2 protein chains.
Amino acid sequence: MAEKDMRERIKEVAVEHFNINGYHGTTIRNIAKDVDCSLPMIYYYYHNKKDLFDEIIKKEFFELLKRQVSLLRTDNIIELYTKFVNDLNFLSDYDKKVYRLGIKVYLSFDGDEELMEIMDEWEKTILPRHYQILKSHLKNVDNDIAVIRTLIHLLETLIESIVVKNRYLPEEEIREEISIVLRGCE
Amino acid sequence: MAEKDMRERIKEVAVEHFNINGYHGTTIRNIAKDVDCSLPMIYYYYHNKKDLFDEIIKKEFFELLKRQVSLLRTDNIIELYTKFVNDLNFLSDYDKKVYRLGIKVYLSFDGDEELMEIMDEWEKTILPRHYQILKSHLKNVDNDIAVIRTLIHLLETLIESIVVKNRYLPEEEIREEISIVLRGCE
DNA sequence: ATAGTATTGTAACGAACGTTAGATAGAGAG
DNA sequence: CTCTCTATCTAACGTTCGTTACAATACTAT
């Protein structure tokens with residue numbers, strides 16, 4: 001009965017430790033201590049340290065991203081992006097840490113080559129996806145691709161502020177900044 | 001005679017290692033191996049591992065920032081910021097790695113509490129500094145503070161692209177994006 | 001109740017870590 | 001030539017790391 005619990009608890013604590021100390025700074029012993037279990041328990045549920053780290057990125061992080069994207073409903077385009085960013089303010093602590101860890105790997109500040117390649121693949125999908133969302137609203141804008149690129153760059157910093165630096169970004173400020181970039185569209 | 005050389009060589013190699021493997025992933029032994037000197041040499045010039053890391057951030061990184069800022073001459077405001085970002089493309093490999101390491105600490109992905117506080121202090125100076133540069137150009141803009149905030153956020157991602165992700169950003173793209181945010185000013 | 005499987009624990013392995021004690025080599029001064 | 005001081009080395013210390021062999025317990029099905 002405790003299987004699922006224990007496995008999840010280990011992962012939760014691991015997310016915390018990897019976040020604070022990075023991959024190399026995190027020790028299996030410290031994770032076990034915080035989970036309040038013996039050291040080999042972690043090897044019972046995860047093949048090794050790297051396996052534990054990989055599961056957090058490959059499964060938890062990308063599932064979180066998908067969940068986040070699926071919430072998008074297109075009415076007003078500025079409200080769409082404002083909501084997208086603002087929702088991050090209210091992510092659970094666990095999700096925020098998973099997100100933060102994902103960004104850390106995305107910036108190749110942690111993880112290995114294999115995870116970096118996965119991130120690169122994912123990054124390539126970003127521009128086309130936003131182009132799909134925005135193209136109909138940018139008919140009368142000449143440099144539409146540049147606007148989309150700028151928006152993506154802005155979103156990246158806003159996300160980092162909330163998730164990485166752990167700041168609270170007021171919805172009104174988010175809306176202001178997105179409006180400045182998308183000013184004159186639709 | 002070789003004193004200055006050896007000390008600098010150790011620091012250069014250390015920057016490389018801290019960049020790739022992070023603080024905890026970097027070992028004094030591997031640094032010594034790449035410098036091609038014995039292990040205690042590093043302790044001859046630096047008090048310990050943390051002292052070596054601290055010198056890179058406290059001295060090298062902040063001196064690089066100051067050097068970068070001092071190059072700014074205000075003629076056209078869009079050209080000013082375009083040049084500021086574009087110059088990063090042509091930073092030496094060493095400076096780029098120092099910059100990258102600084103950003104890593106800035107995002108609290110590495111380093112300790114003490115270095116984080118230094119970064120926080122520095123971050124507080126960013127908005128006022130840009131306000132000083134931009135205020136005269138934003139007389140006829142209503143939400144001037146929001147524009148400055150947006151610009152700072154955009155700059156942050158552009159810098160990260162070049163320095164952290166090690167991409168080359170064409171000058172024209174940089175100018176385009178900055179123009180979109182500063183559109184309508186002056 | 002018991003056999004068998006799933007879960008957890010104790011204790012240890014070898015390797016690698018940060019750091020230091022102490023020896024050695026080389027150059028300049030007298 | 002010898003003394004001194006700086007720069008460098010060899011060798012080791014104690015600690016902690018990831019990982020595993022193996023014993024003990026708890027649960028489940030018969």
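Residues numbered from 1 in each chain as written. Chains lettered and ligands numbered in written order. Predicted model: local features only at pLDDT ≥ 70, side-chain atom pairs only at ≥ 80, totals over all residues. Heavy atoms only, no water.

Concerning the domain arrangement of chain A
Residue and element names in this part refer to chain A. As a reminder, the rule being used: In this document the domain limits rely on a domain assignment from an automatic tool or a database. We call two residues in contact whenever any of their non-hydrogen atoms come within 4.5 Å of each other. When two components associate, each loses some accessible surface as probed by a 1.4 Å sphere; the sum of these losses over both components is called the buried area.
Split into domains, chain A comes out as domain 1 (1-46) and domain 2 (56-182). Computed over C-alpha atoms only, the centres of domain 1 and domain 2 are separated by 29 Å. Contacts between the two partners involve 9 residues from domain 1, matched on the other side by 10 residues from domain 2. Interface area for domain 1 against domain 2, summed over the two sides, is near 860 Å², with a carbon-plus-sulfur share of 55%.

A short note on the packing of helix 9 (residues 144-164) of chain A against helix 9 (residues 144-164) of chain B
Stated formally: To define axes, lines are fitted to C-alpha atoms, for helices over the stretch in contact only, and angles between the resulting N-to-C directions are given on a 0 to 180 degree scale. Strands here are runs of E lasting at least two residues and helices are runs of H or I lasting at least four, both read from the DSSP assignment and numbered beginning at the N terminus. When an angle is under 35 degrees it counts as roughly parallel; over 145 it counts as roughly antiparallel; between 65 and 115 it counts as roughly perpendicular; any other value is oblique. Amino acid classes used here: Ala, Val, Leu, Ile, Met, Phe, Trp, Tyr, Cys and Pro are nonpolar; Asp, Glu, Lys and Arg are charged; the rest, including Gly, are polar.
In the contact formed by helix 9 of chain A and helix 9 of chain B, the axes pass within 8 Å of each other and the chain directions differ by 95°. As summarised for this structure, helix 9 of chain A and helix 9 of chain B are arranged roughly perpendicular, according to the angle between their axes. Note on element contacts: helix 9 of chain B touches helix 9 of chain A through B:Thr150, B:His153, B:Leu154, B:Glu156, B:Thr157, B:Leu158, B:Glu160 and B:Ser161, opposite A:Thr150, A:His153, A:Leu154, A:Glu156, A:Thr157, A:Leu158, A:Glu160 and A:Ser161. Residues that form the contact of helix 9 of chain A with helix 9 of chain B fall into these classes: 4 nonpolar, 8 polar and 4 charged.

Describing the pattern of salt bridges
Inclusion rule: When a carboxyl oxygen of Asp or Glu is within 4 Å of a side-chain nitrogen of Lys or Arg, the pair counts as a salt bridge. Buried means the residue's accessible area, taken with a 1.4 Å probe over protein chains only, is under 20% of the maximum for its type, while exposed means over 50%, and partly exposed covers the values in between.
Considering all chains together, one arrives at 46 salt bridges over all chains under this definition. One salt bridge in this structure joins A:Arg67 and A:Asp95, with 3.4 Å as the shortest N-O distance. Of this pair, A:Arg67 sits in helix 4 (residues 49-70) while A:Asp95 is found in helix 6 (residues 93-106), placing the two residues 28 residues apart along the sequence. Between B:Lys11 and B:Glu8 there is a salt bridge, with the nearest N and O atoms lying 4.0 Å from each other. A residue pair is termed a helical-turn pair when its members lie 3 or 4 positions apart in one helix, as B:Lys11 and B:Glu8 do in helix 1 (residues 3-25) at 3 residues. Of the residues examined, B:Lys11 reaches a relative accessible area of 0% and is grouped as buried. You can call B:Glu8 partly exposed: its relative accessible area is 28%. Several salt bridges share partner residues, and in doing so they unite A:Arg7, A:Glu8, A:Lys11, A:Glu55 and A:Glu60 into one network.

Quick word on the interface of chain B and chain A
Operational definition: Here a polar contact is recorded for every N or O atom pair within 3.5 Å, except that within protein the pair must consist of a potential hydrogen donor and a potential acceptor, and residues adjacent in sequence are included only if both atoms are side-chain atoms.
Contact with chain B, which involves 32 residues of that partner, is made by 32 residues of chain A. Across the interface of chain B and chain A, roughly 3100 Å² is buried in total on both sides, 51% from carbon and sulfur atoms. The tally of links from chain B across to chain A stands at 12 salt bridges. For A:Lys165, the salt bridge is made with B:Glu156, and the minimal N-O distance between the two is 2.9 Å. Applying the counting rule to chain B against chain A returns 24 residue pairs in polar contact (both at pLDDT 80 or more). At the level of elements, helix 1, helix 6 (93-106), helix 7 (113-124), helix 9 and helix 10 (171-182) of chain B are the ones that each hand at least two residues to the side of chain B that touches chain A.

Let's talk about the packing of helix 5 (residues 77-86) of chain A against helix 8 (residues 126-134) of chain A
Residues and elements named next belong to chain A. Interaxial distance between helix 5 and helix 8 falls to 11 Å at its minimum, and their mutual angle equals 140°. Classified by the interaxial angle, the pair formed by helix 5 and helix 8 is oblique. Each of Ile77, Leu80 and Tyr81 in helix 5 lies in contact with helix 8, whose residues at this interface are His130, Ile133 and Leu134. Here the contact of helix 5 with helix 8 is built from residues that sort into 5 nonpolar, 1 polar and no charged.

Some words on the nonpolar core
Keep this limit in mind: We call a set of buried residues a nonpolar core when its members are Ala, Val, Leu, Ile, Met, Phe, Trp, Tyr or Cys and they connect through side-chain atoms within 4.5 Å of each other.
Judged by nonpolar contacts, the single largest core of 127 residues is most densely connected at A:Tyr81, A:Tyr99 and B:Tyr99. Residue contacts for A:Tyr99: discarding those within four places in its chain leaves A:Phe61, A:Leu64, A:Leu65, A:Leu88, A:Leu91, A:Ile159 and A:Val163.

Section: the environment of A:His130
Residues and elements named next belong to chain A. In this fold, His130 is placed in helix 8. Note on His130: relative accessible area 10%, which makes it buried. Sequence-distant contacts of His130, that is, excluding residues within four places in its chain, are made with Tyr81, Ile148, Ile152 and Leu155.

Brief notes about the relation of the copies chain B and chain A
What counts, and what does not: Least squares is the method for superposing the copies, and the C-alpha atoms it fits come from residues with pLDDT of at least 70 in both.
Structural alignment of chain B on chain A gives an RMSD of 0.0 Å, achieved by rotating through 180° and translating 0.0 Å along the axis. Taken together, the rotation angle and the small translation identify this as a two-fold axis.

Digging into helix 10 (residues 171-182) of chain A
All names here are of chain A. Keep this limit in mind: Take the residue count of a helix, subtract one, and multiply by 1.5 Å to get its expected span.
With 12 residues, helix 10 ought to run about 16 Å at 1.5 Å a step, and its terminal C-alpha atoms sit 16 Å apart, in line with that. Among the residues of helix 10, Ile174, Arg175, Glu177, Ile178, Ile180, Val181 and Leu182 are the ones counted as buried. Where helix 10 terminates, the next one or two residues include Gly184, which has phi positive at roughly 90°.

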